[in-house]
Amino acid sequence: MMNRWISPERKQAIKDQLRALGLALAVHIGFVLLFLAGTWSWQPFEQETPPVRVTLVDMGPVVEQRREDEEAERRRQEQAEQERAEQERQREEEAERRRQEQLEQQRQEEEQRRQQELEQQRREEEERQAEEQRRAEEAERQRRAEEERRAEEERQRRAEEERRAEEERQRREEERRRVEEERRRAEEERERELEELRRQREEAQRRREEEEARMAEIAERRAAEEADRRAQEEAERLRLAEEQAAEDARRATLREEYESTIRELVRRNWNRPPTTQPGVRCDVKVVQIPGGEIIDATIVSPCNADDATRRSITAAVMRVGEFPYRGYENVFAREIVFTFRYDG
Amino acid sequence: MNGELQVWDLIMEAGLLVQGVMALLLLASITSWMVIFQKRQMLGRAESRARKFEEQFWSGADLTKLYDKVAGDRTGREGLEGIFESGFREFTRLREEKRLGADALTTGAQRAMRVTLTREMDRLEHRLSFLATVGSVSPYVGLFGTVWGIMNSFRGLAGAHQATIAMVAPGISEALIATAMGLFAAIPAVIAFNKFSNQVERLEVRYDNFKEEFATILHRQARRLEERGAA
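Residues numbered from 1 in each chain as written. Chains lettered and ligands numbered in written order. Predicted model: local features only at pLDDT ≥ 70, side-chain atom pairs only at ≥ 80, totals over all residues. Heavy atoms only, no water.

### A closer look at the confidence of the model for chain A
Mean pLDDT over chain A stands at 87; residues scoring 70 or higher make up 92%. Here strand 2 (residues 294-303) of chain A is the element of chain A with the lowest mean pLDDT, 84, and helix 2 (residues 60-269) of chain A is the one with the highest, 92. (pLDDT = per-residue confidence, 0-100. Helix = DSSP H or I, 4+ residues; strand = E, 2+ residues; numbered from the N terminus.)

In C-alpha cells form, the structure reads like this:
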C-alpha cells in the first residue's frame, strides 16, 4: 500500500540502505566469530580445588589408650637414649686415637717428602749450571763466526763498491759522449730546419708575388669590363628615356584629344540656362566604368557658375550617358576631371 | 566451549552502565559500517557515471540530443548530467528572450550550474560527518565504560579483608571489553572518513572543471548566435 506514494528513487535508496545494513551486520558477525575463535583457548578463571572429606568419630577411649602408649614410648626412648650416649662416647674415644695415629704418620710422610724435594732441587741446580756453561761456550763460538762472516761481508762490499764506482765512471763517460753526439745532431737538425724555413719563406714570397700579379691583372680586366658595362647601361638608359619621352608625348596628345572629345560631347548635350554668363570655367568630376558608361557626375571647385548652370552641366554629362572608350584605352581612368568652358 | 561461555558471561554480568556503553558502541559500529557501504556504492557509482558522461560529452555528440536524452532519463539526473542539464535548460530558456546578450546568457547558465553543483556536493558529503564523529568519539565512550567498570570493581575490593588479584581481574577484564569495542568502532570509521572525503574532493574538482568548460562552450555558442542575429 505504501508503494503508491513512494517514488522509484526513494525505493532504490531504501533498497541500498537495506543492502548496506545487511553488509554491516555480516561484517560484525564475521568479527564476532573471529573473536570467538581467538578466545577459544582461554583458560577458565576458577581453579578447581580438591574436594575435602570430613568424617566425625567419638574420640574418648582412643585418647586414654593413646596417653598410656605415649608414656611407655617415652620410657623406652629414654633408655635407648642412654645406651646411644654410651656407645657414642666409646666411638668418639676410638676416633680420637685413630686421628692421633694418622697425624703422626702424616708428619713423618711430610718430612720424607721435604727431604726428597730438597734433593731434587739440588740436582736441578747442578744441571742448570752445566747447561749455562754449555750455552756460554756456544754463544762465544757463534760470536766469533759472526765476526768472521761480517769481515768477509765488509770485504765483499768494498770490492762491490769499487766495481760500482768503475761502472759509474764508465757510464758517465758514455753519457758525456752520448750528450756530445746529441748536441751535434741537434745542431745539424737546426741547420737543416733553418735551411728549410728559408726555402719555404722564399717559396711563399714567390707565390705571393705571383698571386699579386694575377690579382692585379684580374682587377684591371674587371675594371675594364665594368666601364664597358656602365657605358652600355648609360646608352640603354638614354634610349629608354627617349622612348619614355616619346610615349609620354603620345599619351599627352591622346589625353588632350580625349578630353577635348569629352568636352565637345558635353557641350553638344548642354542646354544653356538663361542665367548663364559667358566666361564659365567649371571642373567636372566624372566617374565611369570600363566601356565608358557614366555612373556619376559632380561639379568640383573651382567653378564660377551659378547653381542653375551647375545643375545643367551635370545634367548634360548624364545625358551624354557614355563616353568614348575605343581608342582611348591607354588614357582611360575610372575618375576623370575636365574643365567645362563657355565663352558666349 | 568453556572460553566462549566465559567471554559471553563477562559481557552479560557487566554493570548496567557498562552494558549500555557496549550496546551504544555496537550500534555506532553497525551504523558506521552501514554508512561506509552506502557511501562506497554511491561514490563509486558517481565516479563511473561521471566518467561515462564525460566520454559521451567530449565525443562530439550533438548537445541538444544529449540534453534530450539526459532530460528524458528520470532516474539519473545527478552528478555531471545534472549540472549539464540545468546549465543547458537555463541557456535555452534565456535564449527565448532575444534581448539578452551573450554574457548575460552565459552568466545565467553558469549560475544555474553552480546551484546544481552545490546541491550535488551536499548530497555527496551527506553523513560523512557521522563517520568523523564515530571515529573521534567512540574511543572516549569505550574508555568511559572501562573506567566506570574498573571503579566499581575496586569499590568492591575495598570491603574485602583478604584482597587478591583474582577478585578484581574479572571486573577489569569485562571493563576492558568496552575499550576494545570503542577502538573497533573507531578505526574503520576514521579510515573510511579519510578515504571518502578525499574521493569527494576529487569529484568536486572534476565537476567544477566540467562546469567551467561547459560554460566556455555555451559562451562561444551565444556569441555565434548574437553575431548571426546582428547580421
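Having put the structure on the table, let's press on.
### A few points about the environment of Gly-15 of chain B
Residue and element names in this part refer to chain B. With respect to the helices and strands, Gly-15 occurs in the loop between helix 1 (2-12) and helix 2 (16-58). Judged by relative accessible area, Gly-15 falls into the partly exposed class, the value being 30%. With 137 residues separating them along the chain, Gly-15 and Asn-152 place their C-alpha atoms 8.5 Å apart. (Buried < 20%, exposed > 50% of the residue type's maximum accessible area, 1.4 Å probe, protein only.)

### Describing the pairing of strand 2 of chain A
All names here are of chain A. Relative to strand 2, strand 1 (residues 280-288) runs antiparallel, the two being bridged by seven bridges. Each residue of the ladder has a partner; that of Val-287, found in strand 2, is Asp-296. Two successive antiparallel strands, strand 1 and strand 2, enclose a turn made up of five residues, where Gly-291 displays a positive phi of approximately 110°. (Pairing = 2+ DSSP bridges.)

### Some words on the side chain of Glu-174 of chain B
All names here are of chain B. Within the fold, Glu-174 resides in helix 7 (residues 165-230). Although Glu-174 is buried, it makes no salt bridge; Arg-155 carries the closest opposite charge, 11 Å away. When residues no more than four places from it in sequence are discounted, the contact partners of Glu-174 are Leu-10, Glu-13, Ala-14, Gly-15 and Met-22. (Lys, Arg positive; Asp, Glu negative; His and termini not counted. Salt bridge = Lys/Arg side-chain N within 4 Å of Asp/Glu carboxyl O. Contact = heavy atoms within 4.5 Å.)

### Some thoughts on the state of the cysteines
Residue and element names in this part refer to chain A. Under the defined criterion, the tally for this structure stands at one disulfide over all chains. Two residues share a disulfide in this structure: Cys-282 and Cys-303, whose sulfurs sit 1.7 Å from each other. Disulfide Cys-282 to Cys-303: torsion about the S-S bond roughly 40°, handedness right-handed. Here Cys-282, found in strand 1, pairs with Cys-303, found in strand 2; they are 21 residues apart in sequence, far enough to count as distant. (Disulfide = S-S within 2.5 Å.)

### Digging into the nonpolar core
Nonpolar side chains in soluble globular proteins tend to be buried together. Among the nonpolar cores identified, the biggest contains 47 residues, and Phe-57, Phe-84, Tyr-207 and Phe-214 of chain B are the most heavily contacted of them. Broken down by secondary-structure element, the contributors of at least two residues to this core are helix 1 (8-38) of chain A together with helix 2, helix 3 (63-72), helix 4 (80-96), helix 5 (102-125), helix 6 (128-159) and helix 7 of chain B. Dropping the residues within four chain positions of it, Phe-57 of chain B is found in contact with Leu-63, Leu-66, Phe-84, Phe-210, Phe-214 and Ile-217 of chain B. Counting residues in hydrophobic clusters, the runner-up holds 24 residues, among them Tyr-258, Val-284, Cys-303 and Ile-313 of chain A. (Core = buried A, V, L, I, M, F, W, Y, C linked by side-chain atoms within 4.5 Å.)

### Considering the pattern of salt bridges
Throughout the structure, instances matching the rule amount to 72 salt bridges over all chains. Here Glu-168 of chain A ties to Arg-172 of chain A by a salt bridge, and the two come within 3.2 Å at their closest N and O atoms. Separated by four residues within a single helix, Glu-168 of chain A and Arg-172 of chain A lie in helix 2, roughly one turn from each other. Glu-168 of chain A gets classed as partly exposed once you look at its relative accessible area, which sits at 29%. One salt bridge connects Arg-89 of chain B with Glu-85 of chain B, and the closest N-O pair in it is separated by 3.2 Å. One end of the pair is Arg-89 of chain B and the other is Glu-85 of chain B, both in helix 4 and four residues apart, which spans about a single turn. Linked through salt bridges whose partners overlap, the residues forming this network are Glu-71, Arg-74, Arg-75 and Glu-78 of chain A.

### Remarks on a nonpolar patch on the surface
On the surface, Leu-17, Leu-143, Phe-144, Val-147, Trp-148 and Met-151 of chain B cluster together into a nonpolar patch covering about 520 Å² of accessible area. For the nonpolar patch, the element with the most residues is helix 6 of chain B, which contributes five residues. (Patch = residues over 30% accessible without salt bridge, like charges linked within 9 Å, V, L, I, M, F, W, Y side chains within 5 Å. Areas by Shrake-Rupley, 256 points an atom, 1.4 Å probe, with all protein chains shown as cover.)

### Topic: a negative patch on the surface
A cluster of acidic residues, Glu-64, Glu-68, Asp-69 and Glu-70 of chain A, forms a negative patch at the surface. Judged by relative accessible area, which is 53%, Glu-68 of chain A ranks as exposed. (Charge placed at Lys NZ, Arg CZ, Asp CG, Glu CD.)

### Quick word on the packing of helix 2 of chain B against helix 5 of chain B
All names here are of chain B. Taken N-terminus to C-terminus, the directions of helix 2 and helix 5 make an angle of 145°; their axes are 10 Å apart at the nearest point. Along its contact with helix 2, which presents Lys-39, Met-42, Leu-43 and Ala-46, the element helix 5 presents Arg-123, Leu-124 and Glu-125. Looking at the contact of helix 2 with helix 5, its residues break down into four nonpolar, no polar and three charged. (Axes fitted to C-alpha atoms, helices over the stretch in contact; angles between N-to-C directions. Nonpolar A, V, L, I, M, F, W, Y, C, P; charged D, E, K, R; others polar.)

### Remarks on the sheet that holds strand 3 (residues 335-342) of chain A
All names here are of chain A. Taken in spatial order, the three strands line up as 2-1-3 in an open sheet, and their pairing is antiparallel. At either end of the open sheet lies a strand with only one pairing partner, and these are strand 2 and strand 3. Taking each pair of neighbouring strands and ignoring which way they run, the sheet shows an average axis angle of 30°. The sheet strands contacting helix 3 (residues 307-320) are strand 1, strand 2 and strand 3, and the helix crosses strand 2 at an angle near 150°.

### A few points about unusual backbone geometry
Residues Ser-301 of chain A and Pro-302 of chain A are joined by a peptide bond in cis, for which omega reads 5°. Turning to its location among the elements, Pro-302 of chain A is positioned in strand 2. Look at Arg-127 of chain B: it is not a glycine, yet its phi comes out positive at around 75°. Among the secondary structure elements, Arg-127 of chain B is positioned in the loop between helix 5 and helix 6.

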